[in-house]
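Analysis of the macromolecular model
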Amino acid sequence: MATISNSLPMKHRISLWCPQHASLNRIRFPSSFGSPASTRRYSVVSCAFANENREFVIVGGGNAAGYAARTFVEHGMADGKLCIVTKEAFAPYERPALTKAYLFPLDKKPARLPGFHTCVGSGGERQTPDWYKEKGIEMLYEDPVTGIDIEKQTLTTSSGKLLKYGSLIIATGCTASRLPDKIGGNLPGVHYIRDVADADSLISSLGKARKVVVVGGGYIGMEVAAATAGWKLDTTIVFPEDHLLQRLFTPSLARRYEEFYEENGVKFVKGASIKNIEAGSDGHVTAVKLENGSTLEADTVVIGIGAKPAVSPFESVSINTTVGGIQVDGQFRTSVPGVFAIGDVAAFPLKMYNRIARVEHVDHARRSAQHCVNALLTAKTHLYDYLPYFYSRVFEYEGSPRKIWWQFFGDNVGETVEIGNFDPKIATFWIDSGKLKGVLLESGSPEEFQLLPKLARSQPHIDIAKLQKASSVEEALELAHASLQAGAEV
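Below: a short report on this structure. Remember, it's a predicted structure, so these values are computed and weren't measured experimentally.

Reading guide: rules and limits
Residues numbered from 1 in each chain as written. Predicted model: local features only at pLDDT ≥ 70, side-chain atom pairs only at ≥ 80, totals over all residues. Heavy atoms only, no water. Pairing = 2+ DSSP bridges. Helix = DSSP H or I, 4+ residues; strand = E, 2+ residues; numbered from the N terminus. Axes fitted to C-alpha atoms, helices over the stretch in contact; angles between N-to-C directions. Buried < 20%, exposed > 50% of the residue type's maximum accessible area, 1.4 Å probe, protein only. Right-handed = clockwise from strand over helix to strand, strands pointing away. Salt bridge = Lys/Arg side-chain N within 4 Å of Asp/Glu carboxyl O. Expected span 1.5 Å × (residues − 1). Contact = heavy atoms within 4.5 Å.

1. Description of the sheet that holds strand 5 (residues 145–149)
An order of 5-6-7 is seen for the 3 strands of this open sheet, with the pairing classed as antiparallel. Two strands lie at the open edges of the sheet, namely strand 5 and strand 7 (162–164), each paired on one side alone. The sheet shows a mean angle of 25° between the axes of neighbouring strands, taken without regard to direction.

Here it is in structure tokens:
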């Protein structure tokens, strides 16, 4: 079966992170940005503070910091020279696990640290706290940076430490968007997930919960609801959009996932906004009241309504007011000499689409960290050329009737062609001006998943009429692959 429809409005695409006005989409930088071909302005200097040999400081302890640390080690530039300052109590870890395997029911082998420290998510070595010690990397835990003096090249931490840096890499990521206190956004029993402590708090609540309301129909909402279904809890997802993951899924594709969730006991309330969260006499959450006047009983509420770039206290470092985050060039240099930004917090040139973007995804966190450090430590001047990639894996716990795993590469612009019936797999192709721009595949084979980035990066011309007539996902991918090969031969 195949369907074709107009793609979603721009505001609902992944391009949500990118400026919409044409004049803003063109890549521009202030004159203070060094061009790739110009003389490098960023040199490392030694420091005479607590660690006299410290040359590099990474602020933030998430995925990007872990992969940056590995790259410093690979260059032999970490031992005694690198410091990581983080607000977390743990060494960098693969954050996506927190809404996936970490939330598995306790009898279904949930993930726990040290099992998912970076860089196991990409098949690398598990970098436990001992790894950082062995590599001579200075780690400052639970001590977030509260101030920066650009002229003196110093950082101040919450404990009062003063850190001198030669080169600074900002890898602070994002913070969860929160509902206001005045409508119950921080009542006992209301949860947000950004770190291990958040996830542990939620797990504690799930062990006592009966009715769970998940606010938000994006990645967090979908992954948390899949987990609570595994706990056999009464689960309802509430969101203001018309369907799940509206920034990416087409209505038809979303319907397939919604039906699967409903088969696993999850209920949906679409097109609804939260008026307030109510509490009982003990102050604990008891219900979620909607703007339409209806009330959903709940003893546990999980809020997944997006995230904001954690730019504080770096507001003085070229903030991008359109997509948020810290503006950088194709080597992750800010307009301040010696200061870089990577991962979720960086607003960078998305080279292949000629626009500025800020991508909140683990793949970008890994790749941006590696590119930045390589550019900093070597003479390499090639620009970051990222291909947008998103995925989700849910219902993977033992006993689940089916595991869900989809991957998307490229840009969701243009017309869409949907092939397959979801059981066993489904694919959606985005085609603009006859060229394949993006593709999403559910439950593909390893070989099929490996084809997706090749298609999205090459953007081959494809015959929509032939694609619509494909009788299976396999046939559709064969047609796309043939178009790719034909384009390569021209």
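Moving on from the coordinates now.
2. Here we look at the pairing of strand 3 (residues 82–85)
Of the two faces of strand 3, the one lined by L82 and I84 and the one lined by C83 and V85 are each fully buried. Pairing of strand 2 (residues 56–59) with strand 3, which is carried by 4 bridges, proceeds in the parallel orientation. Across the sheet, residue I58 finds its bridge partner in strand 3, namely I84. After leaving strand 2, the chain enters helix 2 (residues 63–74) and then returns to the sheet as strand 3, a path that is right-handed. One ladder, built from 3 bridges, connects strand 3 with strand 4 (residues 138–140); its direction is parallel. Paired with V85 across the bridge in strand 4 is L140. Regarding the hand of the β-α-β motif, the stretch spanning strand 3, helix 3 (residues 129–134) and strand 4 is right-handed.

3. Considerations on the pattern of salt bridges
Tallied over the full model, the rule gives 21 salt bridges. Notably, a salt bridge pairs D234 with K211, separated by 3.1 Å at the nearest N-O pair. Residue D234 is located in strand 12 (residues 234–239), and its partner K211 is located in strand 11 (residues 211–215); the two are separated by 23 residues in the primary sequence. Of the charged contacts in the structure, one is a salt bridge between R333 and D329, with a shortest N-O distance of 2.8 Å. Judged by relative accessible area, R333 falls into the buried class, the value being 4%.

4. Here we look at helix 7 (residues 362–377)
Note on helix geometry: an α-helix contains 3.6 residues per turn, so any two residues three or four positions apart are oriented the same way. A rise of 1.5 Å per residue sets the reference length of helix 7, with its 16 residues, at 22 Å; its end C-alpha atoms lie 23 Å apart and thus fit the reference within 8%. Burial analysis of helix 7 places 12 of its 16 residues in the buried class, which makes it a mostly covered element. When we look at burial in helix 7, the residues that qualify are V362, D363, H364, A365, R366, S368, A369, H371, C372, V373, A375 and L376. Close packing links the buried residues of helix 7 with strand 2, helix 2, strand 8 (167–170), strand 20 (339–341), strand 21 (346–350) and strand 23 (389–394).

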